[in-house]
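Structural characterization, general
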Amino acid sequence: MQEVTDLDDTGSSSLGVLEPTANNQSEVGEGRDLFMFARPADSSSIFSEAKLKLDLLSSEEIDLMKSFSSIAHKKNESAREIEEALLYLGRLAGTACRHGIPVDLPLPLGMVWKRLTEESIDMKETLREMDILAARRLQDGDDHDATLVTDELLATQRRLLNSFAEGISSVLPVELLSAFTGEQLRDIMCGNPDIDVEMLRRVTEYEGYNNDDDVISHFWEVLREMTTSERKLFLQFVWARNRLPLKESDFDAPFKIQKDTKFIQEDGDYPLPSASTCFFSLTLPEYPDKETLKRKLLFAIENVTTMESDYVTNDVEVGEGWRGL
């Protein structure tokens, strides 16, 4: 699941399933970490063909075109591959939800989660969540071309959402999703996007250490000082997940910090911390100071492989996309 939002050196999606929103790419507006469904290459729709005929269409015809825009399109091989990939992604997300495993899917609230719960949405707010600059252009003037481009973007996202929802429906009863709000469904499936260090501390047990030991105090100080991305790497390292549940009662097992009994190496250096993702545990040597602990822990979480990164994808695998997994 982690590689779904990974980007290559050009800023494009590695697997071609999700792509950064315009706000994400430009780092403007709110939701700068959001992704949307990847748009097929060289796909055309009725909006593409309507650019040359817009002046000939009546307002009723334009409304009709928008109403059926999610199904009136030309399919190609790229579109079929993305739809199949989103179908599979929906199955993965639904299966994880059934097992109480939050997944890191930073998708737009209005375009995805509120539509899945059949909430009424404001299309201007939905567009602003993904592309605030396009929303401002539409608000400032009557630009027909910009309107068509925006309508085509929203229509494509609605069509691709059908594949994602179909995948979820094979695992979860989607008829019941309307019992939730979009925010509630997003939180249920994705958990808390922020790693709550204090909540994690409250569900922690110690083996060989006490809560007031210096090395334990240093550990929690280091974890609080980490960035959000570093905390996700830490959680990936110890649990093979990058999101915590919403509340303490949702934890299947406590987080354990165990004392490492290995001796100091001959050169006076300390061993790296290790983890067992199956048991949600961290084996922590008794480092002499906070700086040593921070250096060793950051090196471990940034370089040691975990369950979700048992191999490193190469150019051939990236070219194959999700089918190569």
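Definitions and limits used
Residues numbered from 1 in each chain as written. Predicted model: local features only at pLDDT ≥ 70, side-chain atom pairs only at ≥ 80, totals over all residues. Heavy atoms only, no water. Helix = DSSP H or I, 4+ residues; strand = E, 2+ residues; numbered from the N terminus. Contact = heavy atoms within 4.5 Å. Areas by Shrake-Rupley, 256 points an atom, 1.4 Å probe, with all protein chains shown as cover. Salt bridge = Lys/Arg side-chain N within 4 Å of Asp/Glu carboxyl O. Buried < 20%, exposed > 50% of the residue type's maximum accessible area, 1.4 Å probe, protein only. Expected span 1.5 Å × (residues − 1). Phe/Tyr/Trp six-rings, centres within 6.5 Å; stacked < 30°, edge-to-face > 60°. Lys NZ or Arg CZ within 6 Å of the ring centre and 35° of its normal. pLDDT = per-residue confidence, 0-100. Core = buried A, V, L, I, M, F, W, Y, C linked by side-chain atoms within 4.5 Å. Pairing = 2+ DSSP bridges.

Focus on the overall build of the protein
Of the regular secondary structure elements, the protein holds 14 helices and 6 strands. For the protein, the proportion of contacts with a sequence separation of at least 24, taken over those separated by at least 6, is 70%. When the accessible area of the protein is evaluated, it comes to approximately 17400 Å², of which 48% is carbon and sulfur surface.

Brief notes about the pattern of salt bridges
Taken as a whole and judged by the stated rule, the model has 15 salt bridges. Across the pair K290 and E225 runs a salt bridge whose closest N-O atoms are separated by 2.5 Å. Here K290, found in helix α13 (residues 290–303), pairs with E225, found in helix α11 (residues 214–225); they are 65 residues apart in sequence, far enough to count as distant. Among the residues examined, E225 registers a relative accessible area of 45% and is labelled partly exposed. Ionic contacts of the salt-bridge type, sharing partners, join the residues D104, K232 and R243 into one network.

What about helix α4 (residues 77–98)?
Helix length check: α4 (22 residues) gives 32 Å between terminal C-alpha atoms against 32 Å at 1.5 Å per residue, within 8%. Of all the residues in α4, the buried ones are A79, I82, E83, A85, L86, L87, L89, G90, A93, G94, A96 and C97. Where α4 terminates, the next one or two residues include G100, which has phi positive at roughly 70 degrees.

Some words on the packing of aromatic side chains
Scanning all chains against the criterion turns up 9 aromatic pairs. Between the aromatic rings of F251 and F280, the centroid separation amounts to 6.4 Å while the plane-to-plane angle is 5 degrees, which identifies the pairing as stacked. Residue F251 is found in the loop between α12 (228–239) and β4 (255–259), and its partner F280 is found in the loop between β5 (274–276) and β6 (281–284); the two are separated by 29 residues along the sequence. It is R241 that lies over the ring of W239; its NZ or CZ is 4.0 Å from the centre.

Some points on the confidence of the model for the protein
For the protein, the mean per-residue pLDDT works out to 82, and 78% of the residues sit at or above 70. When the criterion is pLDDT under 50, residues 306–325 qualifies, and its contacts beyond four places in sequence or with other chains add up to 24 contacts.

Topic: the nonpolar core
Most often, soluble globular proteins keep nonpolar side chains buried together rather than apart. One finds L18, F37, L105, V112, W113, L116 and F164 to be the most contacted residues of the largest nonpolar core, which totals 39 residues. Where this core is concerned, the elements lending two or more residues are β2 (35–37), α4, α5 (109–116), α6 (123–130), α7 (132–140), α8 (144–169) and α9 (182–190). Setting aside residues no more than four positions away along its own chain, F37 makes contact with V17, L18, E19, L86, L107, V112, Q157, L160, L161 and F164. Of all hydrophobic cores here, the second largest spans 32 residues; its members include F234, W239, L244 and F280.

Quick notes on the environment of G94
If you trace the backbone, G94 turns up in helix α4. Distance from G94 to V174, taken between C-alpha atoms, is 9.9 Å for residues 80 residues apart in sequence.

Examining the pairing of β6
Neither face of β6 is exposed, since S281 and T283 on one face and L282 and L284 on the opposite face are all buried. When β4 meets β6, the two strands line up parallel, connected through 4 bridges. Counterpart to Q258 in the pairing with β6 is T283. Where β5 lies against β6, 3 bridges are found, and the strand directions are antiparallel. Its bridge partner being in β6, S274 is matched across the sheet by T283. Counting the residues in the hairpin turn of β5 and β6 gives 4 residues, including F280, whose phi is positive at 50 degrees.

Thoughts on the side chain of N242
Along the chain, N242 turns up in the loop between α12 and β4. Judged by relative accessible area, which is 12%, N242 ranks as buried. Among all residues touching N242, those that are not within four sequence positions of it are D104, I195, K232, L235 and Q236.

A look at the pairing of β4
Strand direction decides the pairing type here: strand β3 (residues 204–207) and β4, joined by 4 bridges, are parallel. Its bridge partner lying in β4, E207 is registered against Q258.

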